[in-house]
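Take a look at the letters that make up each chain.
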Amino acid sequence: MSLYPLALRLTGRRVLVVGGGAVATRRVPALLAAGARVEIVAPELTPFLRGHVDAGRIGWHERRFQPADVEGAWLVQVAVDDPAAAAEVSEAAEQHLIFCVRADDRDAATAWTPAVTRHGQVTVAVTDGGDRRRAMAVRDLVASALEAAPQAAPEHKGVALVGAGPGDPDLITLKGRRLLAAADVVVADRLIPGLLLGELRPDVELVDAAKIPYGPSAAQEEINRILVDRALEGKFVVRLKGGDPYVFGRGGEEVLACAAAGVPVLVVPGVTSSIAAPALAGIPVTHRGVAHEFTVVSGHVAPDSAQSLVDWAALGRLRGTIVVMMGLKNLPKIAARLIAEGRSADTPVAVVQEGSTPDQRSLRSTLGQVADDAVAAGLRPPATVVIGDVVSVLD
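Residues numbered from 1 in each chain as written. Predicted model: local features only at pLDDT ≥ 70, side-chain atom pairs only at ≥ 80, totals over all residues. Heavy atoms only, no water.

S.K.: I keep staring at unusual backbone geometry and nothing clicks. Help me out?
M.R.: Where the residue is not glycine, phi is negative for most of them; where a peptide bond is considered, it is trans in most cases. Between Pro381 and Pro382 the backbone carries a cis peptide bond, its omega angle lying at 0°. Tracing the backbone through its elements, the reader meets Pro382 in the loop between helix 11 (370–377) and strand 17 (383–387). Phi at Met326 is positive, roughly 55°, even though this residue is not glycine. On the secondary structure map, Met326 appears in the loop between strand 14 (321–325) and helix 10 (331–340). (Helix = DSSP H or I, 4+ residues; strand = E, 2+ residues; numbered from the N terminus.)

S.K.: Looking at this model, I keep getting lost on a nonpolar patch on the surface. Mind explaining?
M.R.: Taken together, Tyr4, Leu6 and Leu8 make up a surface patch of nonpolar side chains, about 410 Å² in accessible area. Locating Tyr4 in the fold gives a position in the segment before strand 1 (14–18). (Patch = residues over 30% accessible without salt bridge, like charges linked within 9 Å, V, L, I, M, F, W, Y side chains within 5 Å. Areas by Shrake-Rupley, 256 points an atom, 1.4 Å probe, with all protein chains shown as cover. Salt bridge = Lys/Arg side-chain N within 4 Å of Asp/Glu carboxyl O.)

S.K.: Which parts of the structure should I look at to understand the side chain of Glu354?
M.R.: Mapped onto the elements, Glu354 comes out in the loop between strand 15 (348–353) and strand 16 (361–366). With relative accessibility at 10%, the residue Glu354 sits in the buried group. Looking at Glu354, its side chain comes within polar contact range of the side chain of Arg380, at 2.9 Å. (Buried < 20%, exposed > 50% of the residue type's maximum accessible area, 1.4 Å probe, protein only. Polar contact = N/O pair within 3.5 Å; in protein donor to acceptor, adjacent residues only side chain to side chain.)

S.K.: Got a minute to help me understand the pairing of strand 2 (residues 37–41) in this structure?
M.R.: Regular strands place their side chains on alternate faces of the sheet. Among the 5 residues that make up strand 2, 4 are buried, leaving the element largely enclosed by the rest of the structure. Bridge count for strand 1 against strand 2 is 5 bridges, and the pairing is parallel. Bridge assignment links Arg14 to a residue of strand 2, and that residue is Arg37. Crossover connection from strand 1 via helix 1 (residues 22–33) to parallel strand 2: handedness right-handed. Pairing of strand 2 with strand 3 (residues 59–61) involves 3 bridges; the strand directions are parallel. Residue Ile40 lies in a different strand from strand 3, and its bridge partner there is Trp60. (Pairing = 2+ DSSP bridges. Right-handed = clockwise from strand over helix to strand, strands pointing away.)

S.K.: Where do I start with the nonpolar core in this structure?
M.R.: In summary, soluble globular proteins display a tendency toward joint burial of nonpolar side chains. Counting residues in hydrophobic clusters, the biggest one holds 39 residues, and the most contacted among them are Val38, Ile40, Val186, Val238 and Leu240. Put simply, the parts of the chain that give this core at least two residues each are strand 1, helix 1, strand 2, helix 2 (47–54), strand 8 (159–163), helix 5 (174–182), strand 9 (185–188) and strand 11 (237–241). Take this core: its biggest share by element is 4 residues, from helix 1. Beyond its immediate chain neighbours, meaning those up to four positions away, Ile40 contacts Val17, Gly19, Val28, Leu45, Leu49, Ile58, Gly59, Trp60 and His61. Ranked by size, the runner-up nonpolar core spans 20 residues in total, among them Ile334, Leu338, Leu363 and Leu367. (Core = buried A, V, L, I, M, F, W, Y, C linked by side-chain atoms within 4.5 Å. Contact = heavy atoms within 4.5 Å.)

S.K.: In this structure, what is going on with the packing of helix 1 against helix 2? I would like to understand it.
M.R.: Each pair of packed helices can be summarised by the angle the axes make with each other and by the distance between the axes. For the pair helix 1 and helix 2, the least separation of the axes is 9 Å and the interaxial angle reads 35°. Between helix 1 and helix 2 the crossing geometry is left-handed. Residues Ala24, Thr25, Val28, Pro29 and Leu32 of helix 1 lie in contact with helix 2, whose contacting residues are Phe48, Leu49 and His52. A per-class count over the contact of helix 1 with helix 2 returns 6 nonpolar, 2 polar and no charged. (Axes fitted to C-alpha atoms, helices over the stretch in contact; angles between N-to-C directions. Left-handed = near helix turned anticlockwise from the far one by under 90°. Nonpolar A, V, L, I, M, F, W, Y, C, P; charged D, E, K, R; others polar.)

S.K.: What exactly am I supposed to notice about the sheet that holds strand 3 here?
M.R.: The 5 strands are arranged 3-2-1-4-5 in an open sheet whose pairing can be described as parallel. Looking at the sheet topology across the chains shown, the edges are occupied by strand 3 and strand 5 (99–102). Neighbour-to-neighbour, the strand axes of the sheet open up by a mean angle of 20°, direction not taken into account. Two elements, strand 1 and strand 4 (residues 75–78), share 4 bridges in a ladder whose sense is parallel. Across the sheet, residue Leu16 finds its bridge partner in strand 4, namely Val76. Of the strands in this sheet, strand 1, strand 4 and strand 5 are in contact with helix 3 (residues 83–95), which crosses strand 5 at around 165°.

Read these as layout, nothing more, since geometry by itself doesn't imply function.
As structure tokens, this is what we get:
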């Protein structure tokens, strides 16, 4: 079969995705990155996709497909494993002269998704005549050449805890990206860069850990079990975590679980949003003559809770920078407690939402006003709160 290669400009154009499972989870991030107006039709969604819906980035019709759904779409992506249901979708797309990608049967599709690698502004797509593995191999060769570091991939065993960075897929380390390319199983958090999932081999098992703040999440014990069981089956498992595995990421618990089962673990540090989000908002967490220290604390437990392990009285006496992670919900109580412990209500504060991503937003305020300002601005998790004079030092 002779294919005609084509690059689609999807910005602002409607793309219909039928199905809300693992295939859709892989494909949607690339469509969003291309600027498409994505709508999903599915009775259920993975927590990863639900996070995009909650953030207003994609539309969701909570039901089964209807032929009229294809009307007005520029492209249809079928992401279901039911051949009869997939055939119904592609038939409707055919009648409306809309190209249709099918995950279940490439021969029945009118368009194929190529193997893709991205490096800055360069995107390389490799198509094939049915030999998907060869296309992926060619893609990987091109990626290696672009990285100017071609080398044979080593054999990996056990589990790798890989920090994926704050959200920009280019901020994962080279080592992390190479391990991801070698993985047999990927256990991914919701806050990892979604575009990385689109680069996985088709045979990789993707497990969505779905650690959505204050929402549904896979129990840590179940995550530990999956890591250990898959590794003991002889598979190479990558635990892909947003930011750094050890900065409020429960990486230590996963290492202990693997160690108890005799599973070797490799830890790959990641760029933590506690530093990256402020930096990308123009805020250095330290600055000569302004702050000689910075403290990172978790705000998921309120200061007045008996479960809090943070010494808020000591934090109130500090002169340096305080960075609060996962603290947007408890921000009113956090701000009030720091003021009560001696921090001035006029202390500059910044809140950075979804740092390093296209949806990054920043708010500047003061400790006495930030809780109200964050609500008025409609800020949502994930967000990083920076408290201290460094907030305004580069203004």
